[in-house]
Amino acid sequence: MKQDAVSIEKYQHKDVEEKWRDAWEKSSLDTPDLAAANNPFYNLMMFPYPSAEGLHVGNMYAFTGSDIYGRFKRMAGYDVFEPIGLDGFGIHSENFALKIGRHPMDHAKITEKNYYNQLHNIGAMFDWTRTVETYDPDYYRWTQWLFVQMFKHGLCYRGKAEVNWCPGCKTVLADEQVIDNSCERCGKTVEKRQLEQWFFKITAYAEKLLQNSFSLDWAKKVKVAQQAWIGKKEGINITYPVVTDSGEKVSEVTCFTTRPDTNFGATFVVLAPEHPFVGELLGSGDGSSLSKRVTKQVNAVTTAQIHDYIDASLRKTAQERAAEGRKKTGVFTGFYCVNGLNDKKLPLYISDFVLADFGTGAVIGVPGHDKRDYEFAMQFDIDIERVVIAKDGDVSPISRIEQVQEEEGIMVNSGFLNGLPISEAIHRMMDHLEKKGWGKRVTTYHLRDWLISRQRYWGPPIPMIFCEACAQKGQSWFTHRETAEVANENLDSISVSLAEDAFSYPSRQPRSQSEIEQNFIGSPRSHFDDLSIGLLDNSAHWAVGWYPVPESDLPVVLPRIDDYKPGDDGVAPLAKHKDFYNVACPQCGSAARRETDVSDTFLDSSWYFLRYPSVGNYHEGDAGTGAGSVSHFEMSAEGASQREDRTARKMRHATKAPDGSFPWDPQITRRWLPVHMYTGGAEHSVLHLMYSRFVTMALHDWGYIDFDEPFSTFYAHGLVIKDGAKMSKSKGNVVNPDEYIGLYGADALRLYLMFTGPYDQGGDFRDSAMEGMSRWVQKVWRLAIKNISTYHALDSLAPSDSSWHSPVSSATVKKALHRAIKKVGEDIEHRRYNTAIAAMMELVNTIGEEGARLQTPERRSDGGQGVMGLDDIRDFLKMLAPFAPYMTEELFQRMKSTMTNDPALPAGRQTSMSNENGDTKAKTVSQYTFTKSISIHVQPWPVYDPKFLEEETVEIAVQVNGKLRDTIVVKSHLPAMLRKALQAGMSKVQGDVEKEARASERVARHLEGKSVKKVIFIPGKIINFVV
RNA sequence: GCCAAGGUGGCGGAACGGUAUACGCGCAGGUCUCAAAAACCUGUGAGGAUAAUACCUCAUGAGGGUUCGAAUCCCUCUCUUGGCACCA
């Protein structure tokens, strides 16, 4: 039976996946030689934080989209490095460990095993010899090192400030980690607490973060989010004298405004309840004469009212304030400000709609042209004056909120500004105010310093030591910076090693303090005035008694303790452990105390991309155990053995590393960074993606790296949803990838996930559609196997009717193939994976149809058996390889065996396929030597031949008045014919087409009895008669 | 409130000035089979008309506009999803 001559086996994904996973790893397919790579491409994806039991299908979606791109780039000739790791240190992992009542160290051990197992199965080209785990002492040693550098370079300070406290996580949070007044991790409403904490001066880079963002090749929404978060505003601080009822000046108040143009319309001034003047007003000042006079001015009733109001508003939570909506409350102080422009007395109020931490905490009220001011004025019956006439020409008194024009218009009632448009008036007024000495232009930012401390257990201990003895003497690390070279020793040795580097860094020496200072343009939002210059110095009072842990003593190992649960008191768990915190002062040797807070988890991930290519940077003396000779996992035998595996893997690269005194290899780093392509979720716009940029800029300015942006390109993928909702455990719609990989195979799941929709928009997961993709995978398998087998069977079976399995693609198939090659390549480059897959489906459909056409009806099958040449099948498999790495490798390798005797094959390739026995049954890799060079995944991406894209005939749509009436098939006039035609003038071609079009009965019917006014002709596409 | 991205068949989505609904799912009918599954074939936006083909009309959130021609470009509105938010 010809038809059954070759029995078709099903695609056995489990066997195939296991086989190739093993073969790939053994052949080091995915481990590029980083030192030798000529064409490096660092394809990075955000590493997962293993907070739940296992890998989420959302992770797989993200990784697969990134991996397809990496595989494509590799086939396009790049040396692709695609690393993976775990962001397992920090609150997210700890919270989960607490929830299930497991020690975070044990939990990390378990999740590492689970995650790495799962990640092995998704078919990504991860380099498993260079993983990064943020809780590994080999890694956090350098996280602590980074903290120390921040301190030494004046970008880290300790201060008491009002901070966000999460009662759920029982720790402080950075501003970026507070979403709608709630904790980013647990969702509890955050409280404000006064605590002394460590901060990183990210504000020193506010301007650079903003300016660089405009030219970054990043997802637009992320850039916009960062720009909004940095929140640069240019305005002016105007200082007003504060006077009594009788006109006696008692003080001054400075207001920040971006709209001084409307200043002639100012009718009041409002202070935030926290404003310093309020303190003076209530007699809690320093007892100076001013404060006494102020108190005297206010009569008893007013003072009581002010007290009540302040008490009430300070008690209000942010939530309660928000609940009040835009309803304005407030209280009059009894004082006035004087507007120098028109000598008008402006009543001075206190209201909590004014924010203490924005601008100066004082606002000039212009109710005619600011909606909030209008609401306040209405509430307190304050004058409203019009100083702007908008487009609508309304000049009537402003009595409705709709009349409050904020955006545009022409100035009136404004002295020298009359007749000017707003935009111009702003500058004129600023000039005027500065000339008069009443105001000073200022730039403000929304960005605030990065709060680093966490009163938690599961993180890198902050490597700082406080010495009471030194504090008594007013000494700190800064005091000894110049003389005690000990602290700088490490730093110096780096400069030397960089200087000896074969590559030259543009800025290889750490810069001088003044040089660096020049780079800090704006830094207006520090918690303390003495920090606002951007860098800290010896005189910084907060630093007294503080020393960084000497770099040679790093890491400060996180000990295993049993009382690791966070407390409500803001004291970290480590603070209960004398063994941990008792330490000798690195300077004077007296009894001192370690910092017991740990650092923010976002510090762990702020530099991991720098570490990946340099994994294996072991100190010679530490070989085998890792730097510091400590491991979290020493506690159990199982853990220890597992970790050794990991360490052993990483040690493969150890010989290339320098002496381990630096977190990354300068040469490797120069070759591989910045990251060429970074893929991840947009939810980290102002968190990880902002912090990483800041850290990179700082390292650059210290001379440690030669680039100041970490990620050349950032691509934001969409989210996978199910049943129209985000996947979450509470909704019970979480999909576990393992289950689907088990059922359908990794290839089918990868393809399915990418097919659900545009990669940047996410997709909707549905089981039935998943099955559909599984069917397609089987179909491709059958198609390939049948065609491959046909070749093999030719000799022995000698079918009587050989025309239908001729081993040459028909013209139709050839055309379809080359169309697909073009489209798939272009689509992958733009990450349009869904349409790339659709294009391959169309190709398969065409092959099927062609197979059916060439066979007798009763022998139709979907195999398209014998209609595709082997070279063409190979090209198709290569196209599919980034999406379905396992199946395509299996088929590709089977083809090699079939093709051994193919004379069309290049000689060189034949030799690489020795030991073949021609068996078409699945063969194990061990039967011949699989080396990375023969893998499908390193084959060059197929090239399409334009000659196959040219059509002999083309379908042209015929329209009458823009309505489709018919389509006609004409001889192709593109592009060869057209070129000729253009030389001769278009009219000939058009005339021919027009004649044919008119010949159509359907068209003629619509043209009948009408006169054709005009004919629009688009060659190759359309002809339109306008009647 | 502001900023950004979106609204296309029963569903996920194609097309992004030039034949709307590619591709897939689902559904219906058929082939094969003792039967089922698998696989394959055919059909499938809505409405009208016809013995049937042909054919006609209407559909891309709503309404206007530009154009020979608009899902695509412009304006107004509306809804959804993200981000920011009493930011002066």
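In this text, all values refer to a predicted model and were calculated from it rather than measured experimentally. (Residues numbered from 1 in each chain as written. Chains lettered and ligands numbered in written order. Predicted model: local features only at pLDDT ≥ 70, side-chain atom pairs only at ≥ 80, totals over all residues. Heavy atoms only, no water.)

**Details of the overall build of chain A**
Assigned secondary structure in chain A consists of 34 helices and 35 strands. Of all intrachain contacts in chain A linking residues separated by at least 6 positions in sequence, the fraction that spans at least 24 positions is 76%. For chain A, the accessible surface area stands at approximately 42,700 Å², while carbon and sulfur atoms represent 50% of it. (Helix = DSSP H or I, 4+ residues; strand = E, 2+ residues; numbered from the N terminus. Contact = heavy atoms within 4.5 Å. Areas by Shrake-Rupley, 256 points an atom, 1.4 Å probe, with all protein chains shown as cover.)

**Looking at the protein's contact with RNA strand B**
Every one of the 54 residues lining RNA strand B counts as a neighbour, but Lys 233, Phe 358, Arg 372, Met 841 and Asn 1024 are closest to it. Atoms of RNA strand B within 4 Å of the protein: sugar and phosphate make up 64%, bases the balance. Between RNA strand B and the protein, one listed contact pairs a phosphate oxygen with a side-chain N or O atom of Arg 775 at 3.1 Å. Here a phosphate oxygen of RNA strand B and a side-chain polar atom of Asn 845 are 3.2 Å apart. When grouped by side-chain class, the residues that make up the surface near RNA strand B number 18 nonpolar, 15 polar and 21 charged. (Near = heavy atom within 4 Å. Polar contact = N/O pair within 3.5 Å; in protein donor to acceptor, adjacent residues only side chain to side chain. Nonpolar A, V, L, I, M, F, W, Y, C, P; charged D, E, K, R; others polar.)

**Re the environment of Val 250**
Along the chain, the position of Val 250 falls in strand 12 (residues 249-257). Given the relative accessible area of 8%, Val 250 is considered buried. Through-space distance from the C-alpha of Val 250 to that of Phe 335 is 9.2 Å; in sequence the pair is 85 residues apart. (Buried < 20%, exposed > 50% of the residue type's maximum accessible area, 1.4 Å probe, protein only.)

**Considering the nonpolar core**
Note that soluble globular proteins tend to have their nonpolar side chains buried in a common cluster. Core analysis: the largest hydrophobic core is formed by 199 residues, its most contacted members being Trp 450 and Phe 876. With near-sequence residues (within four places) excluded, Trp 450 lies in contact with Ala 174, Trp 198, Phe 199, Phe 200, Ile 202, Asp 600, Phe 602, Leu 603, Ser 606, Tyr 691, Phe 694 and Val 695. By size, the runner-up hydrophobic cluster in this structure holds 39 residues, among which are Ile 236, Ala 266, Tyr 309 and Val 388. (Core = buried A, V, L, I, M, F, W, Y, C linked by side-chain atoms within 4.5 Å.)

**Things to note about the confidence of the model for chain A**
Averaged over every residue, the pLDDT of chain A is 78; the share at 70 or more is 78%. Contacts from residues 1-6, a stretch scored under 50 in pLDDT, to residues over four places away or in other chains number 8 contacts. Note that residues 619-641 has pLDDT below 50 and, in this model, 43 contacts with residues that lie over four places away or in other chains. At the level of chain-chain contacts, confidence expressed as ipTM amounts to 0.94, with global pTM at 0.86. (pLDDT = per-residue confidence, 0-100.)

**Remarks on unusual backbone geometry**
With an omega of 5°, the peptide bond running from Leu 554 to Pro 555 counts as cis. Here Pro 555 is to be found in the loop between strand 23 (546-548) and helix 18 (578-581). A cis amide bond, omega 0°, links Leu 673 with the succeeding residue Pro 674. If you trace the backbone, Pro 674 turns up in the loop between helix 22 (666-672) and strand 27 (677-681). With phi around 50°, Asn 413 is a residue other than glycine that occupies positive phi space. Within the element layout of this structure, Asn 413 appears in the loop between strand 18 (410-411) and helix 13 (422-436). A positive phi angle, close to 60°, is found at Arg 831, a residue other than glycine.

**Remarks on the packing of helix 6 (residues 206-213) against helix 7 (residues 220-230)**
The interhelical angle for the contact between helix 6 and helix 7, taken along N-to-C directions, is 155°, at an axis separation of 10 Å. By the angle between their directions, the pair helix 6 and helix 7 is classed as roughly antiparallel. Considering the relative orientation of helix 6 and helix 7, their crossing is left-handed. Contacts between helix 6 and helix 7 pair Ala 206, Leu 209, Leu 210 and Ser 213 from the former with Lys 223, Gln 227 and Ile 230 from the latter. In terms of residue class, the contact of helix 6 with helix 7 is built from 4 nonpolar, 2 polar and 1 charged. (Axes fitted to C-alpha atoms, helices over the stretch in contact; angles between N-to-C directions. Parallel < 35°, antiparallel > 145°, perpendicular 65-115°, else oblique. Left-handed = near helix turned anticlockwise from the far one by under 90°.)

**Concerning the packing of helix 24 (residues 737-744) against helix 25 (residues 746-755)**
To describe two helices that pack against each other, one gives the angle between their axes and the distance between the axes. Interhelical geometry of helix 24 versus helix 25 gives an angle of 120° and a closest axis separation of 7 Å. Overall, the two elements helix 24 and helix 25 adopt an arrangement that is oblique. Contacts between helix 24 and helix 25 involve Pro 737, Tyr 740, Ile 741 and Tyr 744 from the first element and Ala 746, Ala 748 and Leu 749 from the second. A breakdown of the residues in the contact of helix 24 with helix 25 according to their chemical character gives 7 nonpolar, no polar and no charged.

**Some thoughts on the environment of Ile 1018**
Relative to the assigned elements, Ile 1018 resides in strand 34 (residues 1014-1018). Along the backbone, Ile 1018 and Asp 127 are 891 residues apart, and their C-alpha atoms lie at a distance of 51 Å.

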